[in-house]
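Architecture at a glance
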Amino acid sequence: AVLRLTDVFSVKASGGKSYRAPTLNDLYWPNDGMSEGNAALQPETGYSAELGASFVTSRVEANASAFARYVQDGIQWTEVSPFFYKPMNVGEAFYPGAEASLDIELLPGLHAAASYTFLYSFVLQGASATYTFADDKRAIYSPMHTADLAVRWQNERVRIGADAKVVGERFVNEANSTSLPAYVVVNADAKVHVLESVALTVAGKNLLNTVYQTVNGYVMPPFS
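Residues numbered from 1 in each chain as written. Predicted model: local features only at pLDDT ≥ 70, side-chain atom pairs only at ≥ 80, totals over all residues. Heavy atoms only, no water.

**Quick notes on the overall build of the protein**
Tallying secondary structure elements over the protein gives one helix and 15 strands in all. Here the protein, with 224 residues, has 29% of them falling under the buried criterion. For the protein, restricting intrachain contacts to residue pairs at least 6 apart in sequence, the fraction spanning at least 24 positions comes to 52%. For the protein, the exposed surface amounts to about 13,300 Å²; the carbon and sulfur share of it is 63%. The protein carries 16 positive and 22 negative side-chain charges, and their two centres are separated by 4 Å. (Helix = DSSP H or I, 4+ residues; strand = E, 2+ residues; numbered from the N terminus. Buried < 20%, exposed > 50% of the residue type's maximum accessible area, 1.4 Å probe, protein only. Contact = heavy atoms within 4.5 Å. Areas by Shrake-Rupley, 256 points an atom, 1.4 Å probe, with all protein chains shown as cover. Lys, Arg positive; Asp, Glu negative; His and termini not counted. Charge placed at Lys NZ, Arg CZ, Asp CG, Glu CD.)

**Re unusual backbone geometry**
At Phe83, a residue that is not glycine, the phi angle is positive and equals roughly 60°. By secondary structure assignment, the location of Phe83 is in the loop between strand 4 (60–81) and strand 5 (84–107). In the Ramachandran plot, Asp136 falls in the positive-phi region, its phi being about 55° despite a non-glycine side chain. By relative accessible area, Asp136 is classed as partly exposed at 33%.

**Considerations on the pattern of salt bridges**
Overall, the coordinates contain six salt bridges when judged by the stated rule. As a salt-bridge pair, Glu44 and Arg20 come within 3.0 Å of each other at their nearest N and O atoms. Taken as a pair, Glu44 in strand 3 (residues 44–56) and Arg20 in strand 2 (residues 9–20) lie far apart in primary sequence, 24 residues in all. Ionic pairing is found between Asp148 and Lys165, a salt bridge with its closest N-O pair at 3.3 Å. (Salt bridge = Lys/Arg side-chain N within 4 Å of Asp/Glu carboxyl O.)

**Some words on the nonpolar core**
The biggest cluster of nonpolar side chains holds seven residues, and these are Val71, Val90, Ala93, Tyr95, Val123, Tyr131 and Ala139. Take this core: its biggest share by element is three residues, from strand 5. (Core = buried A, V, L, I, M, F, W, Y, C linked by side-chain atoms within 4.5 Å.)

**Things to note about the packing of aromatic side chains**
Overall, the coordinates contain six aromatic pairs when judged by the stated rule. Centre to centre, the rings of Phe122 and Phe133 are 5.0 Å apart; their planes meet at 70°, and the pair counts as edge-to-face. Of this pair, Phe122 sits in strand 7 (residues 122–125) while Phe133 sits in the loop between strand 7 and strand 8 (145–154), placing them eleven residues apart in sequence. One aromatic cluster is present, formed by Phe94, Phe118, Tyr120, Phe122 and Phe133 through successive ring pairs. Of note, Arg138 hangs over the ring of Phe122, and the distance from its end group to the ring centre comes to 5.2 Å. (Phe/Tyr/Trp six-rings, centres within 6.5 Å; stacked < 30°, edge-to-face > 60°. Lys NZ or Arg CZ within 6 Å of the ring centre and 35° of its normal.)

**Some thoughts on the environment of Ala68**
Following the sequence through the fold, Ala68 ends up in strand 4. Sequence-wise, Ala68 and Asp7 are 61 residues apart; in three dimensions their C-alpha atoms are separated by 28 Å. When residues no more than four places from it in sequence are discounted, the contact partners of Ala68 are Tyr47, Ser48, Ala49, Phe94, Tyr95 and Pro96.

**Focus: the pairing of strand 3**
Taken together, the twelve bridges between strand 2 and strand 3 define a ladder with antiparallel strand orientation. Within strand 3, the position partnered with Ser18 by the bridge is Gly46. Note that strand 3 and strand 4 share twelve bridges and pair antiparallel. Note on strand 4: the bridge partner recorded for Val56 is Glu61. Linking two consecutive strands that pair antiparallel, namely strand 3 and strand 4, is a turn of three residues. (Pairing = 2+ DSSP bridges.)

**Comments concerning a nonpolar patch on the surface**
Where nonpolar side chains cluster on the molecular surface, the patch consists of Leu3, Leu5, Val8, Phe9 and Phe55 and spans about 410 Å² of accessible area. Topologically, Phe55 is positioned in strand 3. (Patch = residues over 30% accessible without salt bridge, like charges linked within 9 Å, V, L, I, M, F, W, Y side chains within 5 Å.)

**Regarding the side chain of Asp189**
Take Asp189: it is sitting in strand 12 (residues 183–195). If near-sequence neighbours (up to four positions away) are discounted, Asp189 is found in contact with Arg152, Arg159, Ile160, Gly161, Val202 and Ala203.

Listed below in structure tokens is the structure:
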């Protein structure tokens, strides 16, 4: 539901139920010595609610919202033994949080954008134990802080942009005893139309050559 209070300001609320079946890999990935599927997985069910506001003009778009999500039988690839992963159903988890985004046209063709998400998590029923809110157990691979920054300029022939992604610390096991550190990845690209139907593109990925992992034990690509 959306309520437009003025020409530029509106408030919105939403609620929903989601359903996610295990993927083919979740169920039947063969044992390769480092991971294996789990044919006993149950579907994941979630319930969510969100309340937010938007401010939109010809040059500025700003959004902010608070949300909460409750998940039953959440599917997560879990380290069940040293360096061996298997998808498991996390029995119950609760995810409250908030997010905000801002996109501004600084000059004709020049845009700057930023977004930030705060996501807390409470595991209430894990693969090996039952917890309460007081136990304060985070869901694995669920960062509390995530932010994106981007600057982009373009006209009819040229497009140039750069972006940065900041991801906070993430726990890699249910006990929350091991974590992956926060990281920052910066990318840039440019595209030029030399003819009406021909364009040249150059892109740089991970310009800071950040050494980081999204899954424990698997280092992501360096600068390219």
